[in-house]
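# Analysis of the macromolecular model
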Amino acid sequence: MTEPIRLEYTVPGDDFTRAGEASADLKHTLKRMGFPPEAIRKASIALYEGEINLVIHAGGGQIFVELTPEAIRMRLEDEGPGIPDIGLAMQEGYSTASEQVRSLGFGAGMGLPNMKRYSDEFFIESQPGQGTTIQMNVLL
Amino acid sequence: MTIQDIMQLLPAELLTADARLDTQVHNACGSDMMSDVLAFVKDQAVLLTGLNNPQVVRTADMMDMVCIVFVRGKRPSPEVLELAKQRGIAVLATRRTMFSACGILYQAGLRGGGGHD
């Protein structure tokens with residue numbers, strides 16, 4: 001039984017231009033390791049949306065990735081404001097993003113739905129005032 | 001259609017000098033909302049956009065796109081161009097509006113590639 005490979009990224013909360021660096025790194029790591037193209041695509045898109053959310057909503061956060069022969073597992077943790085109504089936040093088109101975020105091409109209310117869409121398993125926990133944890137798994 | 005063809009049809013200027021212009025492309029999408037591109041795009045090679053920031057290149061990279069066309073005379077910053085070069089993405093700029101640029105390329109055979117196109 002081989003040990004899972006673990007990757008960890010810190011997403012700074014104040015720099016929108018750098019959002020996406022972690023998912024780009026993951027994508028190229030997965031390519032180099034020979035993961036299937038469709039799994040790479042799903043994982044990197046889901047993580048990219050997650051990274052954008054960490055920057056625009058949570059003031060940054062941590063990403064923990066675990067790679068095994070069975071799955072690409074990604075956990076996103078933040079200590080941001082949390083999500084009061086997860087059901088509402090999961091609806092396509094619902095967004096609390098500012099006009100400034102929208103002018104940057106995001107905040108269309110597709111972030112969380114996209115993360116779920118591209119994950120085979122998706123779990124979200126959030127406490128208002130304490131933060132949000134999201135687990136996204138792409139199965140191989 | 002090749003990237004070279006897109007340059008001639010629009011017309012558009014090439015901003016990444018060493019890009020491969022003979023790459024074949026069949027599908028494109030036009031959007032200023034990157035979340036929509038991430039949600040609805042599949043196997044499109046060309047992104048037409050009026051949005052001008054590094055996330056355009058990152059989105060195109062995530063979707064394995066090979067060419068970005070900035071419409072409405074938008075000129076990306078050197079940092080954006082450098083990121084595109086690193087990712088091997090050709091960057092073009094045209095003075096056409098989004099509607100006209102998409103129309104010209106559609107008429108010339110480029111398709112949306114989504115389920116309703």
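Residues numbered from 1 in each chain as written. Chains lettered and ligands numbered in written order. Predicted model: local features only at pLDDT ≥ 70, side-chain atom pairs only at ≥ 80, totals over all residues.

Another point: the UniProt feature "domain: Histidine kinase/HSP90-like ATPase" (unreviewed entry) in chain A. Per the UniProt record, the feature "domain: Histidine kinase/HSP90-like ATPase" (unreviewed entry) sits at residues 53-137 of chain A. As a span, residues 53-137 of chain A carries 25% helix and 35% strand, and end to end its C-alpha atoms are 18 Å apart. (UniProt positions renumbered as here; feature names shortened; annotations may be inferred. Helix = DSSP H or I, 4+ residues; strand = E, 2+ residues; numbered from the N terminus.)

Another point: the environment of A:Ser126. All names here are of chain A. Position of Ser126 relative to the elements: it lies in strand S4 (residues 121-127). Taking the C-beta count within 10 Å as the criterion, Ser126 has 19 such neighbours and is therefore assigned partly exposed. Between the C-alpha atom of Ser126 and that of Gly93, which follows or precedes it by 33 residues, the distance is 20 Å. (Buried ≥ 20, exposed ≤ 12 C-beta atoms within 10 Å, placed from the backbone.)

What follows is about the nonpolar core. With 71 residues, the main nonpolar core has A:Ala43, B:Cys67, B:Ile68, B:Val69 and B:Ile89 as its most contacted residues. Looking at this core, the element that brings in the most residues is helix H2 (residues 37-57) of chain A, giving 10 residues. The contacts of B:Ile68, once residues within four sequence positions are left out, are B:Leu47, B:Thr49, B:Val56, B:Val57, B:Ala60, B:Ala84, B:Ile89 and B:Val91. (Core = buried A, V, L, I, M, F, W, Y, C linked by C-beta atoms within 7 Å. Contact = placed C-beta atoms within 7 Å.)

Residue and element names in this part refer to chain B. Here Leu10 and Pro11 are connected by a cis peptide whose omega angle stands at -15°. In this structure, Pro11 sits in the loop between helix H1 (3-9) and strand S1 (13-14). Residues other than glycine seldom take positive phi values, yet Asp64 does so here, at roughly 60°. With respect to the element layout, Asp64 can be found in the loop between helix H3 (54-62) and strand S4 (67-70). We note that Arg72 has phi near 55°; this positive angle belongs to a residue other than glycine. For Arg72, the position within the fold is in the loop between S4 and helix H4 (78-87).

A separate point is the packing of H3(B) against H4(B). Residues and elements named next belong to chain B. Put simply, H3 and H4 touch, their axes get as near as 8 Å, and they point 15° apart. By the angle class used here, H3 and H4 are roughly parallel. Of the two possible hands of crossing, H3 and H4 adopt the one that is right-handed. Between H3, through Pro54, Val57 and Asp61, and H4, the contact on the second element is made entirely by Glu79, Val80, Leu83, Ala84 and Arg87. (Axes fitted to C-alpha atoms, helices over the stretch in contact; angles between N-to-C directions. Parallel < 35°, antiparallel > 145°, perpendicular 65-115°, else oblique. Left-handed = near helix turned anticlockwise from the far one by under 90°.)

What follows covers the packing of helix H1 (residues 21-33) of chain A against H2(A). All names here are of chain A. Taken N-terminus to C-terminus, the directions of H1 and H2 make an angle of 165°; their axes are 8 Å apart at the nearest point. On the basis of the axis angle, H1 is roughly antiparallel to H2. The crossing of H1 and H2 is right-handed. When H1 is examined against H2, the residues Ala22, Ser23, Leu26, Lys27, Leu30 and Lys31 are found in contact with a partner set consisting of Ile40, Ala43, Ser44, Leu47, Tyr48 and Glu51. Residues that form the contact of H1 with H2 fall into these classes: seven nonpolar, two polar and three charged. (Nonpolar A, V, L, I, M, F, W, Y, C, P; charged D, E, K, R; others polar.)

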